[in-house]
Structure formats: structure tokens, C-alpha cells
Amino acid sequence: MHEDTAQSAIDTFISAFNASDDAYVTALLAQALTPDVVLWGPLGRSEGIEAVERFVLDIRRHPAGPGTMVRCSGVDVPDEWARYQWVFTTPGGGPRLAGTDVVHLRRGLIDQMIVFAGDIKPSV
């Protein structure tokens with residue numbers, strides 16, 4: 001897998017969180033994800049673009065107001081897997097969340113995604 005291909009799919013996925021209107025979310029996700037995408041996240045497992053769209057729309061409707069999602073690292077691409085770090089911030093110094101996603105790509109689209117939100121606690 002070429003880094004540019006992975007980065008393009010990842011950045012298109014992230015752009016869905018920042019779309020100017022909810023109507024654009026579906027189109028952006030369709031450009032980044034396979035129809036049978038599987039997302040493992042803090043709230044469990046979701047399957048299909050519609051489930052990922054609900055996840056994105058829920059975040060877009062954060063109680064603190066519409067936030068901004070950005071990729072804040074490079075994209076590390078060992079073959080068909082990729083990982084990157086992200087940060088989500090809400091307006092006016094509201095809640096901020098950061099994490100790392102690991103994605104699997106098939107034919108240039110994300111078909112699996114594991115979302116790690118927050119910091120890893122140090123071992124005792």
C-alpha cells in the first residue's frame with residue numbers, strides 16, 4: 001500500500017467530521033470507506049457506512065458545540081495497515097479528546113478501523 005493512498009482515505013474520513021453540512025458526511029464516507037467497513041471503538045463494534053455515519057454525526061453534535069477533528073501525526077503505513085493520531089477539539093476551550101486509529105485498507109479504502117481514544121494508562 002502506498003502512503004499517499006492510505007493518507008487520502010484517512011484524510012477524507014476525517015473531513016467528514018468537519019464537513020460544512022451533515023448532508024456531505026455520507027458522500028465523504030463513501031469516498032473513504034468500503035460499504036462493509038467494521039469500526040471497533042470505545043462504544044463497541046459497528047458495521048457498515050451507515051453505522052460509521054451515525055458515529056460521525058453523533059460527534060458532530062457534541063453538547064459543547066461543533067468541534068474540529070484533525071490528523072495530528074503522519075500516517076505510518078506497514079503494507080495494508082496504517083495508523084495515525086488525531087485530536088478533536090470543541091469551541092471556546094471546551095472538551096478536547098485525542099487518540100490513535102489503526103486502519104486496514106482494501107483497494108485504497110478503509111475496511112476496518114480501530115479507534116483508541118484517550119491516553120494509555122501507565123503500568124504500575
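Quantities reported herein were computed from a predicted structural model and do not represent experimental measurements.

Novice: Explanation requested: the packing of aromatic side chains in the structure shown.
Specialist: Aromatic ring pairs are described here by two measures, namely the spacing of the ring centres and the angle between the planes. If you walk through the whole model with that rule in mind, you get 2 aromatic pairs. Geometrically, the ring pair formed by Phe13 and Phe17 is edge-to-face, given 5.3 Å between the ring centres and 90 degrees between the ring planes. Of this pair, Phe13 and Phe17 both sit in helix H1 (residues 3–17), 4 residues apart, roughly one helical turn. The class of Phe13 is buried, set by a relative accessible area of 3%. Between Phe17 and Phe55, the ring centres sit 6.3 Å apart and the planes meet at 90 degrees, which makes this aromatic pair edge-to-face. Taken together, the residues Phe17 in helix H1 and Phe55 in helix H3 (residues 49–60) connect sequence positions 38 residues apart.

Novice: Would you explain unusual backbone geometry in this entry?
Specialist: Backbone geometry follows two general trends: most residues other than glycine have a negative phi, and most peptide bonds adopt the trans configuration. Phi at Asp79 is positive, roughly 65 degrees, even though this residue is not glycine. Tracing the sequence through the fold places Asp79 in the loop between strand E3 (68–71) and strand E4 (81–89). Located in the positive-phi region is Arg107, a residue other than glycine, with phi close to 50 degrees. Among the structural elements, Arg107 can be located in the loop between strand E5 (96–106) and strand E6 (109–117). What makes Arg107 exposed here is its relative accessible area of 73%.

Novice: Just to check I follow, could you spell out the pattern of salt bridges for this structure?
Specialist: Should their charged atoms come close, side chains of opposite charge can pair. Following the criterion strictly, the structure yields 7 salt bridges and no others. Of the charged contacts, one joins Asp11 and Arg71 as a salt bridge, the two residues approaching to 2.7 Å between their closest N and O atoms. A residue pair is termed long-range when its members are at least 10 positions apart, and Asp11 in helix H1 and Arg71 in strand E3 qualify at 60 residues. By relative accessible area, which is 24% here, Arg71 ends up partly exposed.

Scoring rules and cut-offs
Residues numbered from 1 in each chain as written. Predicted model: local features only at pLDDT ≥ 70, side-chain atom pairs only at ≥ 80, totals over all residues. Heavy atoms only, no water. Phe/Tyr/Trp six-rings, centres within 6.5 Å; stacked < 30°, edge-to-face > 60°. Helix = DSSP H or I, 4+ residues; strand = E, 2+ residues; numbered from the N terminus. Buried < 20%, exposed > 50% of the residue type's maximum accessible area, 1.4 Å probe, protein only. Salt bridge = Lys/Arg side-chain N within 4 Å of Asp/Glu carboxyl O.

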